[in-house]
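Architecture at a glance
If you want the building blocks of each chain, they are given just below.
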Amino acid sequence: RCHPLATAWMERPGGVEEWFQRLPQLLSVQGWEIASDRHQGSSGTCPADGTLSHCPCPWGGRLIKMTLERISIKDPPQDSSH
């Protein structure tokens, strides 16, 4: 399980920042089950690589994590925090 510290008394987080504050293990590579791993390297036809993973959610259901590499953002905001 990816949430060994989560308990039933915790309320569901209200936003992304709160999720990662309450459950920092979400950023770990451990505890996630890989459903799809697409790394084609420089010889592949797709310019981006990525992994789709999932794990149990402490409030029921599953959490999904997408890890994307080598992607380009068209017209990114000047402030990188957005």
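Quick caveat, the model's predicted, so the values are computed rather than measured. (Residues numbered from 1 in each chain as written. Predicted model: local features only at pLDDT ≥ 70, side-chain atom pairs only at ≥ 80, totals over all residues. Heavy atoms only, no water.)

**A word on the pairing of strand S2 (residues 49–56)**
Put simply, side chains in a regular strand alternate between the two faces of the sheet. Of all eight residues that make up S2, six are buried, and the element is covered over most of its length. Relative to S2, strand S1 (residues 33–38) is paired through five bridges, and the arrangement is antiparallel. If you follow Glu33 over to S2, its bridge partner there is His54. (Buried < 20%, exposed > 50% of the residue type's maximum accessible area, 1.4 Å probe, protein only. Helix = DSSP H or I, 4+ residues; strand = E, 2+ residues; numbered from the N terminus. Pairing = 2+ DSSP bridges.)

**Some thoughts on the side chain of Ser53**
Tracing the sequence through the fold places Ser53 in strand S2. Given the relative accessible area of 5%, Ser53 is considered buried. Excluding residues within four positions of it along the chain, Ser53 makes contact with Trp32, Glu33, Ile34, Ala35, Leu63, Ile64 and Lys65. (Contact = heavy atoms within 4.5 Å.)

**Some points on unusual backbone geometry**
Positive phi, normally seen in glycine, also occurs at Arg70, with a value near 55°. Here Arg70 is to be found in the segment after strand S3 (62–69). The phi angle at Asp75 is positive, at roughly 55°, despite the residue not being glycine. Note that Asp75 resides in the segment after S3. Given the relative accessible area of 68%, Asp75 is considered exposed.

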